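The lines below spell out each chain.
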Amino acid sequence: MIAEASQARIGRRTLMGGTGLAVAAGACMVLRVPQAAAADAAPMASAASWPIKAFAQKTQADALQALFGSVTLETSPKVALDVPEIAENGAVVPVSVDASALSGVQMIALLVPDNPFTLTAAYPIAAGTAPNISCRLKMAKTSNVIAVVQAGGKLYATTKQVKVTLGGCGG
Amino acid sequence: MAHTIRVRAIANGDTVQVQSLIQHPMDSGFVKDSAGKLIPPHYIEVVTFAAGNKTVFTAFWGPAVSKDPYLKFSFKGAKKGDTLTISWVDNKGMHDSTTAPIM
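These numbers were taken from a predicted model, which means no experiment stands behind them.

## With respect to the sheet that holds strand β2 (residues 80-82) of chain A
Then step 1. Reading across from one edge, β2(A)-β4(A)-β7(A)-β5(B)-β2(B)-β1(B) is the order of the 6 strands in this open sheet, with antiparallel pairing throughout. Pairing within the sheet leaves two strands with one partner each, and these edge strands are β2 of chain A together with β1 (5-12) of chain B. The average angle at which neighbouring strand axes cross in this sheet is 15°, direction not considered.
Then step 2. The pairing of strand β4 (residues 93-98) of chain A with strand β7 (residues 132-137) of chain A spans 6 bridges and is antiparallel. When the sheet's bridge partners are listed, Pro94(A) is paired in β7(A) with Arg136(A).

This is the structure in structure tokens:
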């Protein structure tokens, strides 16, 4: 299953040149490792699991529908979103989400509705992993940042606006 | 693409806090180069962190994650001396992985 999906994915990218093909072959090998290797091998990143549809959406509703299959958000103070009020440089906006107040968190997603693509990052939370993450995002212009947390089959969210004085998506 | 991953994993009681920095251009596909041509999108799609044979954290990224992406998270179920394996794959099929001891 994993190998099949990765094959399809690399097939989609055969636009690549000679060196690219060599790299693609390398990726194939890596992606096959989980299948071929012994059970004690560490799992490797596989592009097959990437939610390609969700990342291609340009509106909040479409991205949420593609990622979670639902668009209903419940604003909740249990989702703590830490973003700067003003970002001088939209290319590097530090974002932290802490949903430790919620139990059974399955996924944390970060949406920036005014970016060319709404979904910026999604973090599936494994059992035993704290629903508390920090990363850095690019923002094209002043926009809301929405932290969406999936827990117990519901979507909880907190929205904060970040004022961007210099856009991070070029143009 | 060797040595693109820097990671620090520190055990504190039963919780391991992980901070990682990956060297990657994370080109969004909207930026033009000095000749006015669009730089094609080139970004990491999936990052996987594994302790032993168990995936403890996965990141799905789009082109709007900053260049040289930083990530911080914590998990339970590993101890000092265990090995953390980090791997990523990008939209061009490039990939890298490394291991780091939990300190």
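Past the structure itself, the notes keep going.
## Some remarks on the nonpolar core
Then step 1. Core analysis: the largest hydrophobic core is formed by 72 residues, its most contacted members being Tyr123(A) and Trp61(B).
Then step 2. Setting aside anything within four residues of it in sequence, one finds Tyr123(A) in contact with Gln106(A), Met107(A), Ile108(A), Leu110(A), Ile133(A), Cys135(A), Phe57(B), Thr58(B), Ala59(B), Trp61(B) and Leu71(B).

## As for the interface of chain A and chain B
Then step 1. Taken together, the contact between chain A and chain B spans 47 residues of the former and 45 residues of the latter.
Then step 2. Both sides together, the interface formed by chain A and chain B hides about 3500 Å², and carbon and sulfur atoms give 61% of it.
Then step 3. Broken down residue by residue, the surface that chain A buries against chain B is led by Trp50(A), Arg136(A) and Lys138(A), which jointly contribute 17%.
Then step 4. The tally of links between chain A and chain B comes to 0 salt bridges.
Then step 5. At the junction of chain A and chain B, the tally comes to 16 residue pairs in polar contact (both at pLDDT 80 or more).
Then step 6. Contributions of two or more residues to the side of chain A that touches chain B are made by α2 (18-36), β6 (119-124) and β7 of chain A.
Then step 7. Of the residues forming the side of chain A that touches chain B, the biggest block, 6 residues, is contributed by β7(A).
Then step 8. Judged from the 2 bridges that link them, β7(A) and strand β5 (residues 70-76) of chain B form a sheet pairing that is antiparallel. Following the sheet pairing, Cys135(A) is matched in β5(B) by Leu71(B).

## Some remarks on the side chain of Asn91(B)
Then step 1. Considering the arrangement of structural elements, one finds Asn91(B) in the loop between β6 (83-90) and β7 (95-101).
Then step 2. A polar contact is formed between the side chain of Asn91(B) and the backbone nitrogen of Tyr43(B), at a distance of 2.9 Å.

## So, unusual backbone geometry
Residues and elements named next belong to chain B.
Then step 1. The backbone of Met26 sits at a positive phi, close to 50°, despite the residue not being glycine.
Then step 2. Relative to the elements of secondary structure, Met26 occurs in the loop between β2 (15-22) and β3 (44-51).
Then step 3. Given the relative accessible area of 1%, Met26 is considered buried.
Then step 4. In this structure, Asp68 takes a positive phi of about 50° despite not being glycine.
Then step 5. Relative to the helices and strands, Asp68 resides in the loop between β4 (54-61) and β5.
Then step 6. Taking relative accessible area as the criterion, Asp68 reaches 28% and is therefore assigned partly exposed.

## Quick notes on the pairing of β7(B)
Then step 1. Relative to β7(B), β6(B) is paired through 7 bridges, and the arrangement is antiparallel. Counted as the bridge partner of Ile86(B) is Thr98(B) from β7(B).

## Topic: the environment of Lys37(B)
Then step 1. Considering the arrangement of structural elements, one finds Lys37(B) in the loop between β2 and β3.
Then step 2. Sequence-distant contacts of Lys37(B), that is, excluding residues within four places in its chain, are made with Val31(B) and Lys32(B).

## What about helix α4 (residues 60-68) of chain A?
Residue and element names in this part refer to chain A.
Then step 1. Restricting attention to buried positions, one finds in α4 the residues Ala63, Leu64, Leu67 and Phe68. Axial view of α4: buried residues confined to an arc of 95°, hence all on one face.
Then step 2. The secondary structure elements touched by the buried residues of α4 are α3 (52-55), β5 (105-111), β6, β8 (143-151) and β9 (154-164).

Thresholds, definitions, all that
Residues numbered from 1 in each chain as written. Chains lettered and ligands numbered in written order. Predicted model: local features only at pLDDT ≥ 70, side-chain atom pairs only at ≥ 80, totals over all residues. Heavy atoms only, no water. Pairing = 2+ DSSP bridges. Helix = DSSP H or I, 4+ residues; strand = E, 2+ residues; numbered from the N terminus. Axes fitted to C-alpha atoms, helices over the stretch in contact; angles between N-to-C directions. Core = buried A, V, L, I, M, F, W, Y, C linked by side-chain atoms within 4.5 Å. Buried < 20%, exposed > 50% of the residue type's maximum accessible area, 1.4 Å probe, protein only. Contact = heavy atoms within 4.5 Å. Buried area = accessible area lost by both parts, 1.4 Å probe. Salt bridge = Lys/Arg side-chain N within 4 Å of Asp/Glu carboxyl O. Polar contact = N/O pair within 3.5 Å; in protein donor to acceptor, adjacent residues only side chain to side chain. Arc of directions from axis to C-beta.

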